[in-house]
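Take a look at the letters that make up each chain.
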Amino acid sequence: MNLPLFTTDLCLKCNICTAACPVAAVTDLFPGPKFVGPQAERYRHPRLSMPDVSVDWCSGCGICSRVCPHGVAVAEINILAKGRLTKERHTPLRDQLIAHPELLGRIASPIAPVANTSIHLRPARWLLEKTIGISRHAPIPTFTRIPLRKRFRDRCFDTPLDIKHDIDHTVAFFHGCSSNYYEPELGEQTIAILERLGYEVVIPPQICCGLPLQSNGLFDAARRHAQANITWLAPFAKQGIPIVGTSTSCTLMLKHDYRTILGIRGEDVETIATSTYDFFEFLTIFVKNEINRIKFNSLHARALYHPPCKLRNHGIGAPALSILRQIPELQLHLSESECCGAGGTYGMKLEKFPVAYEVGQGLFNQISQLELDFVICDSETCRWWIAKHTGLPVYHPLEIMARAMDIQP
Amino acid sequence: MPVLSTQLLVIGGGSTGLGVAWDACLRGLKVVLVEQGDLGQGTSGRYHGLLHSGGRYVISDPTSACDCAVENRVLRQIVPHTIEDTGGLFLATPTDPIDFPDRWFAACQELGVSAEEITTAEALRLEPALNPRISRVFRVQDGSLDSFDLLHTLTAEIKRAGGQVWLRHRVEKLILNGNTIVAAEIRALDTDELLTIGADFFVNATGPWAGQVASLADIKVPIALGKGSMVAMATRPIHTVINRCRPSSDGDIIVPVGTVAVLGTTDVEVQQPTDTTIEPWEVDFLLAQGEILVPQLAYQRPLRAWAGVRPLYRPTTGELGETRELPRSQIILDHADRDGLQGLISVFSGKLTIFRLMAEQVMDLVCKQMNIAAVCHTAETPLTMTSRSFYKLPDRLAKLEVTTSHDLPQVVCECELVTRLAIEEALRFASTLDLDEVRRELRLGMGPCQAGFCAFRAAGIAHELAPTAPASGGLTPFLEERWRGMVPLGWGHTLRQMELTRRIYLELLQTHSLPEPTK
Ligand SMILES: Cc1cc2nc3c(=O)[nH]c(=O)nc-3n(C[C@H](O)[C@H](O)[C@H](O)COP(=O)(O)OP(=O)(O)OC[C@H]3O[C@@H](n4cnc5c(N)ncnc54)[C@H](O)[C@@H]3O)c2cc1C
C-alpha cells in the first residue's frame, strides 16, 4: 500500500479540509477533499473500476494536507486517486499535451518567433479551445529561442568529477522547464546571484521534474521522468553538492512527491530529497550572513507578495520574504489568499477555467484594490496566471532581488 | 381470548425465524412472526458476515460443510444483492501444522467443497497486504453477506405474500390446552399492552433465547451460550475473505463486509444471551491473530468491537459429553416427539448461510405434523421481484456522483454515504422514529466517526418529520450504543475519534441534559 493511503484511517471527519478547500468553496461539483479523499478511498476496490470521477476537480493545491489537524495526507490520497482514474480512462490529447512542457519547449524553441506569434493569435486560441479544450482565457507562456542550457553550455556537467573547482562552494541548478524554455532570463539571474555570493553554479543533466504529468494522472510517465532525474542528480547529491531550484513545484517533486506520491524508494531518492533546496531556502540557510551584509539598492515600489501553494507545501515558510524586506523603499503587501487558482495546468482546461478563475478572485480583488506596481510570486504558472488576470507584471522574488543587487537580466 | 388467530406463529425475527416465515408463506400458510426487538437485534445482526463456502467445516463437521457448499450456491441465486462475491482464501502460515493443508484439501474434494490451490505469488498479487511468509494458499467460494439487507428483504417478501411481521412484540407466555400449545401471550413493548395470538402451530426460532422461550411451555432445552467477539477495521486492507488453514480455532478469519473488514472470533461461555461485554484480552487477541495474516493491520484503525452469542445444544445425558466440542450445526427439536407436547418446534444454532435450509427442514416437519402437502419453494424463488446483481463495494459512492450541481445529494452520514432522502424514506416507513433502526437499515453512523457528525443531523431530520416529538428523539441512546462499541478499542485513533465526538455531544451540545424521549 502506498504510504499516504495509510493516513486515511487518521481522518476524524472534522471537515476542516473541506472548509479550507478553495475549489470546494466555488463549485458544487467538487464534493471536497475529505469526500473524494479519505472517505471515497474506503469505497475504491482495487480490482473494480473507480466509482467516482469528481476527484478530477481537485486542483492539487495541497491546502487540505496542510490544514489537516490529524496528519491525513489528503492531497496525496487525491492525486493517487487521480492517477488511478487516468489509468482506467482514456486521457484526452489536451492533458497529454499540457503535461509535456519540456517536449513542447524542445519542439517550439527553434521556431520560437513563429510559434509564439501564432500560438498567441486569437484565432489560434479559439481553435485550441474548440478542438482540444484549452481555455482561450488561460495564459500560455512564450517560448525562448535560445534555451538556458544553450546559453550556459560551459556550466553543464555530466558528473561532479568534471568540476575543477571547490565542491564546497558549488551548487547544482535544477532549472526545470520554465527557466530553460520559457524564462531563461530567470535562470541567468539565478546563476548571477549565486555567483555574486561566491558559488560556482553547475547545471547537471535533467529533464522535466514530472509534475505536470503527475498532476494529469500520468503516473507511469512521471515515474520515468523521476527515475531519469534521480539517476542524473544522485552523483551530485552524493558529493554533497546542494541541488537548488527556483521553481517551487519542481523542488517539491524532488523533495517530496518522488517518494510519497510516485512511491520511489532507495538511497538515491532519499539523498536527493535531503539535498534539494528552494533558491531562497538555500540562501537563508547557507549564505545568511553574506545576505545580511548586502547593501540592496532601494526600490521605490508598491508590491504584493503571494507565496504559491507549492512553496507553502515545502513547510519552510516564505524565505524570500526576509530578503525582500531588506530592500529599502519596497513597500510589501502580503497576499490574503491561500491560492491564486491556477493549479499548474488546471486552469488551462476549458471546463476547469471558470472554477480556477473564481478561486483566484479573492487575490485579484486584493491586487486591484491596492494600486500596486507589480506582484511577486515564486511559481511560474501562478505568475503567468496572475499577470493575465490582473494586467500587472508579476515577478519571481529573485528578479526583484537581482534588480536590487544591480544584476541586469 | 385471542385477538388474532393464524396457522403458524413464528417466534424470533432473526434469519432463522424470518426464513421459516417466508418458507411458510410460499407454502401457502397464514403466518405471523413476532420479534421482541428490531430486525437484526439478535445474533443475525451481530454475526461475522461470512457466506460460508463450507471450507471451514470440512474437517470438523462434514455435514455442515456440504450444507454450506450447497446453500452458498442457492443464496447466490436468490439473494445476490445482499452478497458480495469476494471469494475466499485459506492460508497456511509457517507456524501451522504442516500436514493440515493436504488433509484439508482432500476433505474438500471428497465433500464437493470447491477449492483450488494457488501459488503464494498469485495470492499476493490478488491481495498484496497478505503476509508474504505464508506457505500455502487455496482459493474457495466464500462471500460476504449483509444480514441487515437479508432481513429487510425477507420481511418485505413475507409482507408482500400476506404474512405479518410484528416488531417490538415479546412472547411472554405460551398457553396450553392439555398437551397442545394453542396460543401465545404477547407484550407490545411500545405500548406495554398484552395481546393473545392463537395458532395451529408454533415455531420457536429465538436463537440464544430458545431455552428461555421453551421454558414458557415448561420444556427444558439445555443450551450453553458461547459469546463470540469481533473487531471491525475502519478500512478494508483485503477484499477477499481470509481464512487460516489449520484446525478450526479462534481468531482465524478476516471478512471484508461492506466498508469494513471484520476480524473474529473468540468463544467464551456466558450466562445470558445479552451478555455481550468485550474483554480487553479478546481485542488484543483478535488484533494479534489478524496481524499474522495481514501485517499492516498493526497500523490501521480498529473501528468497533461487538459480540454475538451462539446457542449450543447441550443435552444433559446422552450422546454428547460435556467436555466434547458442542456441535454448531443446526438443531431442530420436535417437541411432540421429544416431550410429548404438540404444536411446537424449536430451531436454533446452525449458520446464517444455511438459514434457508434450516427453514425448509423445519417447515417440512411442520407440514407433516399439520398434514399439509405443500412442498418447499424457497430454493428456486428469487427474493426480489427483479433480478439483481451482487452487491459491490463501490456502488454507494458511484450513486452519489453527479455531473450537474442541480441534483446534488445531501449526504448526512458522510462515512457510509447515507443521504437525506434515504433517511427520510426510512423514517417514514419505520415503525418508530428510532435512529438505531435507521442505522440498521441504512448503515447510518456505522463508519469511522461512529455517528459523530451525522447523529445530530439525522436527529434534526427526524424532528422535522415529527415536530411534536422532542428534538433529542433517540439521540442519546443511539450515540451511547456507538460509544459502547468503541470503548474496548479505547486507544490511538479510535480513542481520539471517540473523545472528539463525546466532547461535541456532551459538552458543546449538552445532549446528556436533554429530556428523555417519551415512548
Ligand atoms: C459470533 C458469531 C459469528 C457468526 N458468524 C457467522 C458467519 O460468519 N456466517 C454464518 O453463516 N453464520 C454465522 N454465525 C451464525 C449465525 O449468526 C446464526 O446462525 C444466525 O444469525 C442465527 O439466527 P437466528 O434467527 O437463529 O437467531 P437470532 O438472530 O439471535 O434471532 C433470534 C431472535 O429471537 C428474538 N427473541 C428472543 N426471545 C423472544 C421472545 N420471547 N419473543 C419474541 N422474540 C424473541 C430475539 O430478539 C432475536 O432477534 C455466527 C454466530 C455468532 C454468534
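Quick caveat: nothing in here was measured; it's all calculated off a predicted structure.

### Quick notes on the interface of chain B and chain A
- Facing the 42 residues of chain B at the interface are 28 residues of chain A.
- Overall, the association of chain B and chain A removes approximately 2900 Å² of surface from exposure, summing both partners, and the carbon and sulfur fraction of that is 61%.
- Among the residues chain B hides against chain A, the three largest losses belong to B:Leu397, B:Glu401 and B:Glu414. Together they make up 20% of the total.
- For the pair chain B and chain A, the interface holds three salt bridges.

### Some words on the site of the ligand
Residue and element names in this part refer to chain B.
- Surrounding the ligand, one finds 35 residues, the nearest of these being Thr-16, Glu-35, Thr-43, Ser-44 and Thr-353.
- Between an oxygen atom of the ligand and a side-chain N or O atom of Ser-44, the distance comes to 2.5 Å.
- The backbone of His-48 places a nitrogen or oxygen atom 3.3 Å from a nitrogen atom of the ligand.
- Protein coverage of the free-state accessible area of the ligand, which is 1000 Å², stands at 95%.
- Mapped onto the shell around the ligand, the elements with two or more residues apiece are helix 1 (15-26), strand 10 (169-177), strand 13 (223-233) and strand 18 (302-313).

### Overview of a nonpolar patch on the surface
Residues and elements named next belong to chain A.
- A surface patch of nonpolar side chains, amounting to about 240 Å² of accessible area, comprises Leu-93, Leu-97 and Leu-104.
- Relative to the elements of secondary structure, Leu-93 occurs in helix 6 (residues 93-98).
- Leu-93 gets classed as exposed once you look at its relative accessible area, which sits at 56%.

### Some points on the sheet that holds strand 3 (residues 50-51) of chain B
All names here are of chain B.
- The strand order across the open sheet built from three strands is 3-8-4, with neighbouring strands paired in antiparallel fashion. Of all the strands in the sheet, just strand 3 and strand 4 (83-84) have a single pairing partner and so form its edges.
- When strand 3 meets strand 8 (residues 143-145), the two strands line up antiparallel, connected through two bridges. If you follow Leu-51 over to strand 8, its bridge partner there is Gly-143.

### Describing the packing of helix 3 (residues 33-41) of chain A against helix 5 (residues 74-88) of chain A
Residue and element names in this part refer to chain A.
- Their axes nearest at 9 Å, the elements helix 3 and helix 5 cross at an angle of 75°. Between helix 3 and helix 5, the angle is such that the two are roughly perpendicular. Between helix 3, through Pro-33, Lys-34, Val-36, Gly-37, Pro-38 and Glu-41, and helix 5, the contact on the second element is made entirely by Val-74, Ile-77 and Asn-78.
- For the contact of helix 3 with helix 5, the per-class residue count stands at five nonpolar, two polar and two charged.

### As for the packing of aromatic side chains
- This structure, assessed with the given rule, holds 18 aromatic pairs over all chains.
- Judged by centre distance (6.2 Å) and plane angle (80°), the rings of A:Phe6 and B:Tyr299 are edge-to-face. Highlighted residues: A:Phe6 in helix 1 (residues 3-6) and B:Tyr299 in the loop between helix 7 (280-293) and strand 18, drawn from two different chains.
- Taking relative accessible area as the criterion, A:Phe6 reaches 21% and is therefore assigned partly exposed.
- Given a relative accessible area of 60%, B:Tyr299 falls into the exposed group.
- Judged by centre distance (5.3 Å) and plane angle (75°), the ring pair of A:Phe374 and A:Tyr395 falls under edge-to-face. Remark: A:Tyr395 occurs in strand 8 (residues 394-395) and A:Phe374 occurs in strand 7 (residues 374-376); sequence separation between them is 21 residues.
- Owing to a relative accessible area of 5%, A:Phe374 belongs among the buried residues under this scheme.
- Clustering of aromatic rings is evident, with ring pairs tying together A:Tyr199, A:Tyr277, A:Phe282 and A:Phe286.

### Section: unusual backbone geometry
Residues and elements named next belong to chain B.
- Across the junction of Gly-264 and Thr-265, the peptide omega takes the value -20°, indicating a cis bond.
- With respect to the helices and strands, Thr-265 occurs in the loop between strand 16 (260-264) and strand 17 (268-270).
- The backbone of Ser-349 sits at a positive phi, close to 65°, despite the residue not being glycine.
- Looking at the element boundaries, Ser-349 is found in the loop between strand 20 (344-348) and helix 9 (355-370).

### Some words on the domain arrangement of chain A
Residue and element names in this part refer to chain A.
- Partitioning chain A into structural domains gives domain 1 (3-88) and domain 2 (293-404).
- Every contact between the two is made by 13 residues of domain 1 and, on the other side, 13 residues of domain 2.
- Of the roughly 1100 Å² buried at the junction of domain 1 and domain 2 (both faces included), carbon and sulfur atoms supply 65%.
- By the criterion of area lost to domain 2, the three top residues of domain 1 are Val-26, Trp-57 and Arg-66, representing 44% of everything that side buries.
- Scanning the region where domain 1 abuts domain 2 turns up two salt bridges.
- Between Lys-352 and Asp-56 there is a salt bridge; the shortest N-O distance is 3.0 Å.
- At the boundary of domain 1 with domain 2, the tally comes to five residue pairs in polar contact (both at pLDDT 80 or more).
- For the side of domain 1 that touches domain 2, the class distribution of residues is seven nonpolar, four polar and two charged.

### Quick notes on the domain arrangement of chain B
Residues and elements named next belong to chain B.
- One can read the domain layout of chain B as domain 1 (3-43 + 148-222 + 326-380), domain 2 (82-144 + 224-311) and domain 3 (393-508).
- For domain 2 versus domain 3, the separation of C-alpha centres amounts to 29 Å.
- Taken together, the contacts link 17 residues of domain 2 with 17 residues of domain 3.
- A per-residue breakdown of the area domain 2 buries against domain 3 is headed by Arg-301, Leu-303 and Arg-304, which together make up 47% of the total.
- Our count for the contact surface shared by domain 2 and domain 3 stands at one salt bridge.
- The partner of Arg-304 in a salt bridge is Glu-481, with the nearest N and O atoms 3.9 Å apart.
- Counting residues per element, the side of domain 2 that touches domain 3 draws most heavily on strand 18, which supplies four residues.
- In terms of residue class, the side of domain 2 that touches domain 3 is made up of nine nonpolar, four polar and four charged.

Calculation notes
Residues numbered from 1 in each chain as written. Chains lettered and ligands numbered in written order. Predicted model: local features only at pLDDT ≥ 70, side-chain atom pairs only at ≥ 80, totals over all residues. Heavy atoms only, no water. Contact = heavy atoms within 4.5 Å. Buried area = accessible area lost by both parts, 1.4 Å probe. Salt bridge = Lys/Arg side-chain N within 4 Å of Asp/Glu carboxyl O. Near = heavy atom within 4 Å. Polar contact = N/O pair within 3.5 Å; in protein donor to acceptor, adjacent residues only side chain to side chain. Areas by Shrake-Rupley, 256 points an atom, 1.4 Å probe, with all protein chains shown as cover. Helix = DSSP H or I, 4+ residues; strand = E, 2+ residues; numbered from the N terminus. Patch = residues over 30% accessible without salt bridge, like charges linked within 9 Å, V, L, I, M, F, W, Y side chains within 5 Å. Buried < 20%, exposed > 50% of the residue type's maximum accessible area, 1.4 Å probe, protein only. Pairing = 2+ DSSP bridges. Axes fitted to C-alpha atoms, helices over the stretch in contact; angles between N-to-C directions. Parallel < 35°, antiparallel > 145°, perpendicular 65-115°, else oblique. Nonpolar A, V, L, I, M, F, W, Y, C, P; charged D, E, K, R; others polar. Phe/Tyr/Trp six-rings, centres within 6.5 Å; stacked < 30°, edge-to-face > 60°. Domains from an automatic or database assignment.

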